[in-house]
Amino acid sequence: RLDQDTSGVMVAAKSQRAMDALTRAFSRHDGVAKTYLAIAHGSPVPAEGRVETLIGRSPRDRKKMAVVDKNGKNAITLYRVAATDPGKGLSLVECRILTGRTHQIRVHLSSVLGCPIAGDATYGRAWMDKRLEPRPARQLLHAWKLSLRHPVTGKTMEFEAPPPPDFRECGII
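A short tour of the structure in this document, coming up.

1. Some details on the overall build of the protein
Reasoning step 1: Check the secondary structure of the protein and you find four helices and nine strands.
Reasoning step 2: Seen in sequence order, the protein has helices and strands lined up from the N terminus as β-β-α-β-β-β-β-β-α-α-β-β-α.
Reasoning step 3: Computed over its C-alpha atoms, the radius of gyration of the protein comes to 17 Å, within 12% of the 16 Å expected for a compact globule of 173 residues.
Reasoning step 4: By its C-alpha atoms, the protein is 50 × 40 × 30 Å across when sized along the principal axes.

Given below as structure tokens:
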């Protein structure tokens, strides 16, 4: 069953056949497009681009993921700055992931682009968050859009979950 409401999107299979097809589609990224919104400190340069790295366990902290030279998995993020607030030093970044690695967007924005996600206690910068009013209570990363092919009909289905209130509180949306 594919449902949408104002609080988010849930994808559920009603049969084993549909479940198998969805599992294959998500694991192969076949016909599935996932787009996220992030409120980041700073603004990526260039304002639009592609980040492609290997991501694996951090050699310094095994609880974290990191960009690595070897023993990682390929990770690809397409990003675009949708809005900026120079006064607050924030940007709204649209991120479409072509792969689905653990913490991929968080690692790419922080480590590669130098723009950590506001409120990210693991990959962010606490001192930057302290300057924000209101201070983020969580990482400001939101699963915004999902597009996939229906596992039986093959019809493309698109879903969108509006940004939550704490995104709007930042004043950038």
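2. What about helix 1 (residues 16-28)?
Reasoning step 1: Here helix 1 contains 13 residues, and its C-alpha end-to-end distance of 18 Å stays within 8% of the 18 Å for a straight helix at 1.5 Å per residue.
Reasoning step 2: Taken as a whole, helix 1 has its buried residues at Ala18, Ala21, Leu22 and Ala25. All buried residues of helix 1 project into a common sector of 95° when viewed along the axis, lining one side. Exposed side chains of helix 1 directed beyond 90 degrees from the buried face belong to Gln16, Ser27 and Arg28.
Reasoning step 3: His29 sits one or two positions beyond helix 1 and adopts a positive phi of about 60°.

3. Examining helix 2 (residues 104-112)
Residues spaced three or four apart along an α-helix point in a common direction, a consequence of the helix completing one turn every 3.6 residues.
Reasoning step 1: The element helix 2 is largely enclosed, with a buried count of seven among its nine residues.
Reasoning step 2: Turning to helix 2, its buried residues are Gln104, Ile105, Arg106, Val107, His108, Leu109 and Ser110.
Reasoning step 3: Elements in contact with the buried residues of helix 2: strand 3 (33-41), strand 4 (48-57), strand 5 (65-68), strand 6 (73-85), strand 7 (90-97) and strand 8 (141-149).
Reasoning step 4: A positive backbone phi angle near 70° is found at Gly114, which sits one or two residues after helix 2.

4. Some points on the state of the cysteines
Each disulfide is one covalent bond, formed between the sulfur atoms of two cysteines.
Reasoning step 1: The final tally for this structure, using the stated rule, is zero disulfides.
Reasoning step 2: Its sulfur unpaired, Cys95 is 10 Å from the next cysteine sulfur, which belongs to Cys115.
Reasoning step 3: Its relative accessible area of 1% is what places Cys95 among the buried residues.
Reasoning step 4: With relative accessibility at 3%, the residue Cys115 sits in the buried group.

5. Points about the environment of Val11
Reasoning step 1: Within the secondary structure layout, Val11 lies in strand 2 (residues 8-11).
Reasoning step 2: The sequence separation of Val11 and Thr99 amounts to 88 residues, and the corresponding C-alpha distance is 19 Å.

The rules behind the values
- Residues numbered from 1 in each chain as written.
- Predicted model: local features only at pLDDT ≥ 70, side-chain atom pairs only at ≥ 80, totals over all residues.
- Heavy atoms only, no water.
- Helix = DSSP H or I, 4+ residues; strand = E, 2+ residues; numbered from the N terminus.
- Rg over C-alpha atoms; globule rule 2.2 N^0.38 Å.
- Expected span 1.5 Å × (residues − 1).
- Buried < 20%, exposed > 50% of the residue type's maximum accessible area, 1.4 Å probe, protein only.
- Arc of directions from axis to C-beta.
- Contact = heavy atoms within 4.5 Å.
- Disulfide = S-S within 2.5 Å.

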